[in-house]
Amino acid sequence: MAELVETYACVPSTERGRGILISGDPKSNSILYCNGRSVVIRYLDKPLEVSVYGEHAYQATVARFSPNGEWIASADVSGTVRIWGTHNDHVLKKEFRVLSGRIDDLQWSPDGQRIVACGEGKGKSFVRAFMWDTGTNVGEFDGHSRRVLACAFKPTRPFRIITCGEDFLVNFYEGPPFKFKLSHRDHSNFVNCVRFSPDGSKFISVSSDKKGMIYDGKTGMKIGELSPEDGHKGSIYAVSWSPDSKQVLTASADKSAKVWEISEDGSGKVKRTLRSIGSGGVDDMLVGCLWQNNHLVTFSLGGTISLFSASDPDKDPLLLSGHMKSVTSLSVLKRNNQNVILSSSYDGLMVKWIQGVGYSGILERKEQSQIKCFAAVEDEIVSSGFDNKILRVSLNGDQCGEQTSIDIGSQPKDLSLALSSPELAFVSTDSGVVMVRGTKVVSTITLGFAVTASTIAPDGTEAIIGGQDGKLHVYSIKGDTLTEEALLEKHRGAINVIRYSPDLSMFASGDLNREAVVWDRASREVKLKNMLYHTARINCLAWSPDCNMVATGSLDTSVIIYEVGKPASSRTTIKGAHLGGVYGLGFTDEYTVVSSGEDACVRVWRISPQ
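One numbering rule holds for all chains: residues counted from 1, following each sequence as written. Totals for whole chains, interfaces and linings use every residue, but because this is a predicted model, local features are given only for residues with pLDDT of at least 70 and side-chain atom pairs only at 80 or more, for both listing and counting. With hydrogens and water stripped out, all remaining heavy atoms of the structure feed into the side-chain values.

Engineer: I tried to follow the overall build of the chain on my own but got confused; where do I start?
Structural biologist: From N to C terminus, the chain includes 0 helices and 55 strands. Projected onto the principal axes, the alpha-carbon positions of the chain cover approximately 85 × 50 × 45 Å. Residue burial in the chain is summarised as follows: out of 610 residues, 59% are buried. Throughout, a residue-residue contact means that at least one pair of heavy atoms, one from each residue, lies within 4.5 Å. Once local pairs closer than 6 in sequence are excluded, the contacts in the chain between residues at least 24 apart make up 45%. All accessible areas in this document rest on Shrake-Rupley with a 1.4 Å probe, and a residue is counted as covered only by the protein chains that are shown. For the chain, the computed accessible surface area is about 23500 Å², with 47% contributed by carbon and sulfur atoms. Side-chain charges of the chain comprise 67 positive and 70 negative groups, with the mean position of each set lying 5 Å from the other. Helix and strand labels come from DSSP, where a helix needs a run of H or I of at least four residues and a strand needs a run of E of at least two; each type is numbered from the N terminus. To sort residues, take the accessible area from a 1.4 Å probe on protein chains only and compare it with the maximum for the residue type: under 20% means buried, over 50% means exposed, and anything in between is partly exposed. Charged residues are defined narrowly, with Lys and Arg counted positive, Asp and Glu counted negative, and His plus the chain ends left uncounted. By convention, the point assigned to a charge is CZ for Arg, NZ for Lys, CD for Glu and CG for Asp.

Engineer: Please clarify how a negative patch on the surface should be interpreted in this entry.
Structural biologist: Together, Asp199, Asp244, Glu261, Glu264 and Asp265 line one region of the surface with negative charge. You can see Asp265 is positioned in the loop between strand E23 (256-262) and strand E24 (268-275). Of the residues examined, Asp265 reaches a relative accessible area of 52% and is grouped as exposed. Candidate patch residues must exceed 30% relative accessible area and have no salt bridge, after which like charges are joined if within 9 Å and Val, Leu, Ile, Met, Phe, Trp or Tyr side chains if within 5 Å. Definition used for salt bridges: Asp or Glu carboxyl oxygen within 4 Å of a side-chain nitrogen of Lys or Arg.

Engineer: Explain the packing of aromatic side chains here, please?
Structural biologist: Given two aromatic rings, their pairing is described by the distance between the two centres and the angle made by the two planes. Centres within 6.5 Å are what make two rings of Phe, Tyr or Trp a pair, Trp counting through its six-membered ring; a difference in plane orientation under 30 degrees is then read as stacked, over 60 as edge-to-face, and the rest as tilted. This structure, assessed with the given rule, holds 18 aromatic pairs. Ring geometry for Phe153 against Phe178: centres 5.6 Å apart, planes inclined by 85 degrees, an arrangement best described as edge-to-face. With Phe153 in strand E13 (residues 148-153) and Phe178 in the loop between strand E15 (170-174) and strand E16 (179-184), the pair connects residues that are 25 residues apart, well separated along the chain. The class for Phe178 is buried, based on a relative accessible area of 1%. Ring-pair connections join several aromatic residues into one group, and the members of that group are Phe141, Phe153, Phe159, Tyr173, Phe178 and Phe180. Lying across the ring of Tyr43, Lys46 places its NZ or CZ 5.1 Å from the centre. The criterion for a charge sitting over a ring is simple: Lys NZ or Arg CZ within 6 Å of the ring centre, and within 35 degrees of the ring normal.

Engineer: What is the right way to look at the sheet that holds strand E17 (residues 191-196) in this model?
Structural biologist: Hydrogen bonds between backbone atoms are what pair the strands of a sheet, whose relative direction is either parallel or antiparallel. The antiparallel open sheet is built from 4 strands, whose spatial order is E17-E18-E19-E20. In this open sheet, the two strands that pair with only one neighbour each are E17 and strand E20 (222-225). Each strand axis lies, on average, 20 degrees off the axis of its neighbour in the sheet, ignoring direction. Relative to strand E18 (residues 202-207), E17 runs antiparallel, the two being bridged by 5 bridges. Here, a strand pair is defined by DSSP locating no fewer than two bridges between the strands. To obtain each axis, a line is fitted to C-alpha atoms, and for helices this fit is confined to the stretch in contact; angles are then taken between N-to-C directions over 0 to 180 degrees.

Engineer: I tried to follow the nonpolar core on my own but got confused; where do I start?
Structural biologist: Across soluble globular proteins, nonpolar side chains show a tendency to be buried alongside one another. Throughout this description, the term nonpolar core refers to a set of buried Ala, Val, Leu, Ile, Met, Phe, Trp, Tyr and Cys residues connected via side-chain atoms within 4.5 Å. Formed by 25 residues in total, the largest nonpolar core has its most connected members in Ile162, Val170, Val194, Phe203, Ile204, Val248 and Ile262. Among the secondary structure elements, those contributing two or more residues to this core are E13, strand E14 (160-165), E15, E17, E18, strand E19 (212-216), strand E21 (236-241) and E23. What Ile204 contacts, discounting residues up to four positions off in sequence, is Cys193, Val194, Arg195, Met213, Ile214, Leu226, Val239, Trp241 and Val248. By size, the runner-up hydrophobic cluster in this structure holds 22 residues, among which are Leu44, Tyr237, Leu307 and Cys601.

Engineer: Would you explain the pairing of E16 in this entry?
Structural biologist: Two faces make up the sheet, and in a regular strand the side chains alternate between them. Strand direction decides the pairing type here: E15 and E16, joined by 5 bridges, are antiparallel. Within E16, the residue paired with Asn171 across the bridge is Ser183. Between E15 and the antiparallel strand that follows it, E16, lie 4 residues.

Engineer: What's the story with the sheet that holds strand E48 (residues 526-531) in this structure? I'm lost.
Structural biologist: Spatially, E45-E46-E47-E48 is the arrangement adopted by the 4 strands of the open sheet, whose pairing is antiparallel. One side of each edge strand has no neighbouring strand; the edge strands of this open sheet are strand E45 (495-500) and E48. For this sheet, the mean inter-axis angle between neighbouring strands, taken without regard to orientation, is 15 degrees. Inspection of the sheet shows E45 paired to strand E46 (residues 506-511) by 5 bridges, in the antiparallel sense.

Engineer: I would appreciate a short explanation of the pattern of salt bridges in the present structure.
Structural biologist: Think of it this way: side chains of opposite charge can pair up when their charged atoms draw near. Overall, the coordinates contain 25 salt bridges when judged by the stated rule. Here Lys222 ties to Glu225 by a salt bridge, and the two come within 3.3 Å at their closest N and O atoms. A residue is classified by how much of its surface remains accessible, and Lys222, at 36% relative accessible area, is partly exposed. Residue class for Glu225 comes out partly exposed when judged on its relative accessible area of 30%.

Engineer: How should I be thinking about the side chain of Thr86 in this particular structure?
Structural biologist: Tracing the sequence through the fold places Thr86 in the loop between strand E8 (80-85) and strand E9 (92-97). On the basis of relative accessibility, which here comes to 8%, the residue Thr86 falls in the buried class. Here the side chain of Thr86 touches Gly69 through a polar contact of 2.9 Å, landing on its backbone oxygen. Pairs of N or O atoms are called polar contacts if they sit within 3.5 Å, as long as, within protein, a hydrogen donor faces a hydrogen acceptor (for residues adjacent in sequence, only side-chain-to-side-chain pairs). Within the structure, Thr86 has its side chain in polar contact with the backbone oxygen of Glu70 (distance 2.9 Å). Thr86 has contacts with Ile41, Phe65, Gly69, Glu70, Trp71 and Ile72, leaving out every residue within four places of it along the chain.

Engineer: I'm lost on the environment of Ser30 in this one. Help?
Structural biologist: Note on placement: Ser30 falls in strand E3 (residues 30-35). Residue classification places Ser30 among the buried positions, given a relative accessible area of 1%. In this structure, the C-alpha to C-alpha distance between Ser30 and Tyr43, residues 13 residues apart in sequence, is 4.2 Å. In this structure Ser30 touches Gly24, Asp25, Ile41, Arg42, Tyr43, Phe65 and Gln292, once residues within four positions along its chain are discounted.

Engineer: So what exactly am I meant to see when it comes to the side chain of Thr452 here?
Structural biologist: Relative to the helices and strands, Thr452 resides in strand E41 (residues 451-456). There is a polar contact of 2.6 Å between the side chain of Thr452 and the backbone oxygen of Ile495. If sequence neighbours within four positions are ignored, Thr452 has contacts with Lys413, Gly466, Gly467, Gln468, Ala494 and Ile495.

Engineer: What exactly am I supposed to notice about the environment of Met435 here?
Structural biologist: Relative to the helices and strands, Met435 is located in strand E39 (residues 432-437). We classify Met435 as buried; its relative accessible area is 0%. Met435 sits 230 residues away from Ser205 along the chain, and the two C-alpha atoms are 60 Å apart. Aside from chain neighbours lying at most four places away, what touches Met435 is Leu424, Ala425, Phe426, Lys440, Val441, Val442, Ser443, Ile445, Ile477, Gly479, Asp480 and Leu482.

Engineer: What is the right way to read the environment of Val91 from this model?
Structural biologist: Following the sequence through the fold, Val91 ends up in the loop between E8 and E9. Residues Val91 and Val518, spaced 427 residues apart in sequence, show a C-alpha to C-alpha distance of 40 Å. Not counting chain neighbours up to four residues away, the residues in contact with Val91 comprise Trp71, Ile83, Trp84 and Gly85.

Engineer: Would you take a moment to explain unusual backbone geometry for this structure?
Structural biologist: Negative phi characterises most residues that are not glycine, and trans characterises most peptide bonds. The linkage connecting Arg157 with the following residue, Pro158, adopts the cis geometry, with an omega of -5 degrees. Residue His90 is not a glycine yet carries a positive backbone phi of 50 degrees. Within the secondary structure, His90 sits in the loop between E8 and E9. With relative accessibility at 14%, the residue His90 sits in the buried group. Even without being glycine, Ser245 reaches a positive phi, approximately 65 degrees. With respect to the element layout, Ser245 can be found in the loop between E21 and strand E22 (247-252). Given a relative accessible area of 7%, Ser245 falls into the buried group.

Below, the structure written as structure tokens:
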């Protein structure tokens, strides 16, 4: 049995020049956002408690809690809305095809009976309102000529719907059944977000023209605007009301969020500016915000979530961050009696996590080049990219220090370090291997076969190289030369990963034909066979510290843990560990496995022995 102990969540997918619309549930104090095909539920009070829904067939765009918090409606780029349960395995209630294109926003009516969705569509259908249980239409929405970016449902009776979009319009509909009442063209650029105040008396629209307009909630007439004095200097992407309907929070591309006091007559004055904490680069632009209970939540383009306290906004915010793209490799280090997990995604982001604590910071390198694979020891990270270079970066606590790049002349395939003398790095390329000592390439050896995977023994005396033909070549290393010692044949597909056990008595290999094999190092015989329980290629492999278990991760989304002393059939399988495939694995102790994958999350599993 394996149980999920911790999830280090991904951050929301963001896009330059577009806002993201985040929603929450004040009762459970949780927020919802989307990354790829996943919808993520995060609890602001419990950062390690995360729930992920991955049933969408296409990229998810927006998700909202129903007014009672029991259901969630989420939408994707194909125009589909799925309604599913917040608890108990997220059971699907209904699925509707609402628009012919991407859905950008959706809202529930306050009685939880109707849903309005807007986005891109063919012809004139940019907005649709429907009954949540039958999908029948409840109104006609004319008046928009381009993509509709946001919509809102008046939270009190009489019901009203407002929409805004790329045609610079804010439209007001009465109903149900809803029909067009009036339209405003006060903005001179895309209108990014509209929101009703919780008491239903007003609504506000914010736009890329740096302005915010306030309207009467019942009649739809304009009553005021946000004062340009000390206002935003960039596009305003999102707006959120305070629970008492007297203040709003706005987030902008000028890297700041502002709290505005909204007076009875509808004018808005800046009460406080929340600075984003960061280096001041493009990634610090704010693209989303939410005011929930006592939390002011802002989201930056780079994915950092900042939690400010509404009662004490001058206090430093709690920062939560993580990966936005697929996490391709991870490494586990022991430091100060803590298990430190380093993970890297292919866009070059390296994140440090501490088991039991969660997010612990981003490792800023001098140049954020892409990372294909990396290996880490106590005080150094060695990574390979897509630019034919190996980078050696020294680690000083949480910060990256000196960085040296070594050109090895061709694209690195696999990279491993001799752990007891980590200045020796062993890198395989398409046609051979390169040995690097310190910052010097000491030998480039061309082998007569196509290389697909490699590893070096921790003591640096032996290396194993896997080929496209499924054969394992064992070499001894003397000085800077390789001597072939043995050829092992068992695999029926190209070798994808090879790893030595920590005590050096065994090694394990996995191939593209979904099979893994554990070998005895001394006799070079197969020690554990028939490890054929994945349904797709094996991407990664890890040994437990006591060498009793070996774990494999595969493109079929599952992780399988085998015990070396028992037959392969008595395995432990974690199905659906990562949506889209598992790409990184490691053990933090004898019974704890860390995995990462395509869904940009890192998960920690506890194995109870059979």
